[in-house]
Amino acid sequence: MTTSLEQAAGPRPTTPSVLISGAGVAGPALAQGLARRGLRPTVIEVAPAVRPGGQAVDFRGGTQLHVLRRMGILDQLQRVRTGGSPMTFVDADGRRLLHLPAEFTGGDLEVLRGDLSRILYEASLDAGAEYVFGDSLTSLTETATGVEVTFRHAPPRTFDLVVGADGLRSNVRRLAFGPHADHVTHLGHYAATWSLPNHPDLGLRLHPGSGSVGHNTPGRLASVAADHTDPTRARAFLVFASRELAYDRHDPAAHQRLLRGAFAGLPWKVDRLLDSLGAADDLYFDSISRADSPAWSTGRIALLGDAACGATIGGMGTGTAILGAYVLAGELSRSPGDHRAAFTRYESLLRPYAEERQKGGDRTGRFLAPSSRFALHLRNTVFGRRRVLAWMLRAAKDATTLALPDYPERSDEPLNSSFTEAD
Ligand SMILES: Cc1cc2nc3c(=O)[nH]c(=O)nc-3n(C[C@H](O)[C@H](O)[C@H](O)COP(=O)(O)OP(=O)(O)OC[C@H]3O[C@@H](n4cnc5c(N)ncnc54)[C@H](O)[C@@H]3O)c2cc1C
């Protein structure tokens, strides 16, 4: 169901209303969990529709898979799984230096971010969530009984609770907790991805499932892979080391200039990838950054997903966002009249796990684009050893296990004991 934000006349209904900012991954997941348990979620998204695009994102470990099953979307996700995205690093002449297999890069279940977002959106609509696209919050004023919200376009309205699920540069966090500069830390790299024709001129035989081929120079990675669903298309993925740059974050021409400047004159297929930039209409360019918030809630306002504890790529933010949505929905439904207790339990259950996952984001840039020839050689040698990869996979799996309450679907059912693995 989509809706306008006009407030109905008369007394407010007794079931709590929750405004969720952001229809990425965390927002629709929370909306589904709340609507299924009888609360009234409204999701507001600045984009005109659920945003497609992005690369593959993955889920790791029994806890994440169990929660997806409980949400009723695991089978649908299994049907659109990519099968993983192996990565091969080559020298300037195309000779293989390092190969990372699909299970290393893709976890237990890898799907395209756009597919995940769409499936969550549809599941939350089926559960009864409301959506408003093309709008954004402009102010939040907490009163004793609710939060008065003003919008860029819609008339003001009061909600019982507000949740910021609006990503690394969260609008809700800015309004309720202060400016981005206090919460977002640049981690020393920039990343870009865009689609291009999978043309023989590239000189690479790319097909869905073969994964990406990439070439490093110190502080740079240029790579390309066949599109997972359309073999006639490919997807470029570039990473470069840089101090924080001043540019217009909403101007694709500025992003293209920075990429051309960072990669000009480099060997391998770099020129051909840069040539395709001009025609790209889906360029995603961002710093590799992390977001931290000293508290995940204040009064009736809470943060979820990347808004609370995110890292641009490699921080396993998607699995954390799903677990966070599951816990927040479960806790709010457990204590409908006591949001403070629910927010406190949500943060204490999730924060240590989320902070541990976030550390992966700190390492991503250095791993993908090591800064010197020596660091490149070291990465290729260490990760080229099967035993190291097997050990890292085991460690990653153990680290994604978390004991969570098995929340009932309805607030009047008893709380079951906790689980840690799929059952
Ligand atoms: C287009 C896109 C592509 C991505 N690609 C990748 C990728 O390739 N690999 C990867 O690991 N991660 C990617 N991510 C990030 C990944 O989705 C998140 O790290 C993770 O899934 C956590 O999800 P989230 O819902 O917290 O944040 P996000 O998925 O970032 O969703 C936040 C949502 O909030 C919306 N929003 C932002 N500002 C406002 C506002 N003022 N008002 C209302 N809504 C607002 C955004 O449009 C977005 O839909 C991408 C995110 C986006 C938006």
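Use the structure listed above.
Keep in mind it's a predicted model, so treat the numbers as computed, not measured.

Q: Is there a simple way to explain the overall build of the protein chain in this structure?
A: Of the regular secondary structure elements, the protein chain holds 13 helices and 21 strands. Relative to the compact-globule value of 22 Å for 423 residues, the protein chain shows a C-alpha radius of gyration of 22 Å, a close match. For the protein chain, with 423 residues in total, the buried portion stands at 44%. A fraction of 69% describes how many contacts in the protein chain between residues 6 or more apart in sequence connect residues 24 or more apart.

Q: Where do I start with the sheet that holds strand S13 (residues 212-217) in this structure?
A: Ordered in space as S5-S4-S13-S14-S15-S12-S16-S19, the eight strands form an open sheet in which the pairing is mixed. Only two strands of the sheet have a single neighbouring strand rather than two, namely strand S5 (96-100) and strand S19 (310-311). Pairing of strand S4 (residues 87-90) with S5 involves four bridges; the strand directions are antiparallel. Within S5, the residue paired with valine 90 across the bridge is arginine 96. Sitting on the sheet, helix H12 (residues 373-383) is in contact with S4, S5 and S13, with an inclination near 55° to S5.

Q: Just to check I follow, could you spell out the nonpolar core for this structure?
A: Here is a general trend for soluble globular proteins: nonpolar side chains tend to be buried in one another's company. Counting 70 residues, the largest nonpolar core has Leu30, Val162, Val163, Leu304, Ile322, Ala325 and Leu328 as its most contacted members. Top contributing element to this core by residue count: helix H10 (residues 317-334), with nine residues. Contact partners of leucine 328, with chain neighbours within four places excluded, come to Leu30, Ala302, Leu304 and Tyr346. Val224, Ala226, Phe237 and Ala262 belong to the second-largest nonpolar core, a separate cluster that totals 30 residues.

Q: Would you take a moment to explain the sheet that holds strand S17 (residues 297-298) for this structure?
A: Hydrogen bonds between backbone atoms are what pair the strands of a sheet, whose relative direction is either parallel or antiparallel. Read across the open sheet, the six strands follow the order S7-S2-S1-S11-S18-S17; overall the sheet is mixed. The open sheet is flanked by strand S7 (130-133) and S17, the only strands paired with a single partner. Here strand S2 (residues 40-45) runs beside S7; their pairing, made up of four bridges, is parallel. Directly across from valine 43, in S7, lies its bridge partner tyrosine 131.

Q: Quick question: what am I supposed to make of the packing of helix H1 (residues 26-36) against H10 here?
A: Packed helix pairs are specified by the crossing angle of their axes together with the interaxial distance, meaning the distance between the axes. Viewed as axis vectors pointing N to C, H1 and H10 meet at an angle of 30°, and their least axial separation amounts to 8 Å. Classified by the angle between their axes, H1 and H10 sit roughly parallel to one another. The crossing of H1 and H10 is right-handed. Taking contact as the criterion, the partners of Ala26, Ala29, Leu30, Gly33 and Leu34 in H1 are, on H10, Ala321, Ile322, Gly324, Ala325, Tyr326, Leu328, Ala329, Gly330 and Leu332. In terms of residue class, the contact of H1 with H10 is made up of eleven nonpolar, three polar and no charged.

Q: Help me understand the environment of aspartate 306, please; the structure alone is not making it clear to me.
A: Here aspartate 306 shows up in helix H9 (residues 306-309). Taking the number of C-beta atoms within 10 Å as the measure of exposure, aspartate 306 has 33 and is therefore buried. Sequence separation between aspartate 306 and glycine 317 is eleven residues, and the spatial gap between their C-alpha atoms is 6.5 Å.

Q: Even after reading the chapter, I still don't get the packing of helix H2 (residues 62-70) against H10, so can you show me in this structure?
A: The geometry of H2 relative to H10 is characterised by a closest axis approach of 10 Å and an angle of 55° between their N-to-C directions. Classed by the angle they form, the pair H2 and H10 counts as oblique. Viewed along their axes, H2 and H10 form a crossing whose handedness is left-handed. Facing H2, whose interface residues are Thr63, Gln64, Val67 and Leu68, H10 presents Gly319, Ile322, Leu323 and Tyr326. Here the contact of H2 with H10 is built from residues that sort into five nonpolar, three polar and no charged.

Q: Would you explain the pairing of strand S1 (residues 17-21) in this entry?
A: Across a regular strand the side chains alternate sides, sitting on one face of the sheet and then on the other. Most of S1 is tucked away, with five of its five residues classed as buried. Burial along S1 is two-sided: the face carrying Ser17, Leu19 and Ser21 and the face carrying Val18 and Ile20 are both buried. Summarising the sheet, S1 and S2 pair through five bridges and their orientation is parallel. Looking across to S2, one finds that serine 21 is bridged to isoleucine 44. Since S1 and S2 lie parallel, the crossover through H1 that links them has a hand, and here it is right-handed. Pairing of S1 with strand S11 (residues 161-164), which is carried by four bridges, proceeds in the parallel orientation. From the neighbouring strand, valine 18 faces S11, where its bridge partner is leucine 161.

Reading the values: the criteria
- For every chain, the first residue of the written sequence is number 1, and numbering continues from 1 onward in sequence order.
- For a predicted model such as this one, the threshold for reporting local features is a pLDDT of at least 70, and the threshold for listing and counting side-chain atom pairs is 80 or more; totals across whole chains, interfaces and linings nevertheless cover every residue.
- Strands are runs of DSSP state E lasting at least 2 residues, helices are runs of H or I lasting at least 4, and numbering of each runs from the N terminus.
- Restricting the calculation to C-alpha atoms gives the radius of gyration, and the globule rule supplies 2.2 Å times the number of residues raised to the power 0.38.
- Exposure in this text rests on C-beta crowding, where 20 or more other C-beta atoms within 10 Å of a residue's own make it buried, 12 or fewer make it exposed, and counts in between make it partly exposed. The C-beta atoms are placed from the backbone.
- Working definition of a contact: two residues with C-beta atoms, positioned from the backbone, lying within 7 Å.
- At least two DSSP bridges between two strands are needed for those strands to be called paired.
- Simply put, an axis is a line fit to the C-alpha atoms, just over the touching stretch for a helix, and the angle between two N-to-C directions goes from 0 to 180 degrees.
- Definition of nonpolar core: a set of buried Ala, Val, Leu, Ile, Met, Phe, Trp, Tyr and Cys residues joined via C-beta atoms within 7 Å.
- Should an angle fall under 35 degrees it is taken as roughly parallel, and over 145 as roughly antiparallel, whereas 65 to 115 is taken as roughly perpendicular and any remaining angle as oblique.
- Crossing handedness: left-handed means the near helix sits turned counterclockwise from the far one by under a right angle, and right-handed means the same turn made clockwise.
- Asp, Glu, Lys and Arg are counted as charged, while Ala, Val, Leu, Ile, Met, Phe, Trp, Tyr, Cys and Pro are counted as nonpolar; the rest, among them Gly, fall into the polar class.
- By the criterion used throughout, a crossover qualifies as right-handed when its path from the first strand across the helix to the second strand runs clockwise, the strands pointing away from the viewer.

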